[in-house]
Amino acid sequence: LSLSTNRPELEFRFAVLNTDEINAFAAPGGYIFVTRGALLKMRDEAELAGVLAHEIGHVVEKHAVRELNIRGTDDSAASGLAHVIGGSTDAARAAFSQAVDQAMDILFKNGYKREDETQADKDAVLFCALSGYDPSGLVRYFERINGAKGKQTEVLDKTHPPYETRIAWLKDTITKEGIDPGGYKTNKDRFMESMKQLK
């Protein structure tokens, strides 16, 4: 997926968070997290690819970097944070603390801007298609978790647009790009075999 973006030079790191909450996060520097609760709701690799591709989209489009106004000598999030962390003054430590607080607000309280979520969903369709995964996997996943609203989806529901809206964006992008989802892989059996380790 990451090699199918327009920024293949970025290095991504992926991790599973051991919580029943249904969610996924993208943090500056290419860190992508998906919860065990989210994985247990998925039925195939295409659905996982859709979720990861959405988060990759946030990183590629620099949504958190722009929101946090992170700047560095080489215009990268890593160099900007390194500069702040490396500072030994009280002002530098306060700036870093404020940046962390703002990042936590984006991830867990306020979410990204609506236009950023739209862009990340569109990116997900394209990244999945380019890497050979069924781009409608994210549609199927959203339809499933839309019916499972409750404590598990509380943060996701609060920080993202309604599922119906996002499903419409995804279907519209698939149609406009002329993508035939039937010609792409889902790898359902391989996914279900891998998931046995989480249960």
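None of these values were measured; they are calculated from a predicted model.

What about the side chain of Glu47?
Here's step 1: Here Glu47 shows up in helix α2 (residues 45-60).
Here's step 2: What Glu47 contacts, discounting residues up to four positions off in sequence, is Lys41, Met42, Gly137, Arg140, Tyr141 and Arg144.

A look at the packing of aromatic side chains
Here's step 1: Under the definition given, this model contains three aromatic pairs.
Here's step 2: Here the aromatic rings of Phe12 and Phe14 are separated by 6.2 Å at their centres, their planes lie at 25°, and the arrangement is stacked.
Here's step 3: Relative to Phe142, the ring of Tyr141 lies with its centre 6.2 Å away and its plane at 40°, an arrangement referred to as tilted. Pair check on accessibility: Tyr141 and Phe142 agree, each one buried.
Here's step 4: Through successive ring pairs, a cluster of aromatic residues spans Tyr141, Phe142 and Tyr163.
Here's step 5: Over the ring of Tyr133 we find Lys185, and its NZ or CZ is 4.9 Å from the ring centre.

Regarding the pairing of strand β2 (residues 24-27)
Here's step 1: Burial along β2 is two-sided: Ala24 and Ala26 facing one way and Phe25 and Ala27 facing the other are all buried.
Here's step 2: In this structure, β2 lies alongside strand β3 (residues 31-35), joined through four bridges in antiparallel fashion. The partner of Ala24 across the bridge, within β3, is Val34.
Here's step 3: Linking two consecutive strands that pair antiparallel, namely β2 and β3, is a turn of three residues; a positive phi of about 95° is found at Gly29 within it.

The rules behind these values
- Residues numbered from 1 in each chain as written.
- Predicted model: local features only at pLDDT ≥ 70, side-chain atom pairs only at ≥ 80, totals over all residues.
- Heavy atoms only, no water.
- Helix = DSSP H or I, 4+ residues; strand = E, 2+ residues; numbered from the N terminus.
- Contact = heavy atoms within 4.5 Å.
- Phe/Tyr/Trp six-rings, centres within 6.5 Å; stacked < 30°, edge-to-face > 60°.
- Buried < 20%, exposed > 50% of the residue type's maximum accessible area, 1.4 Å probe, protein only.
- Lys NZ or Arg CZ within 6 Å of the ring centre and 35° of its normal.
- Pairing = 2+ DSSP bridges.

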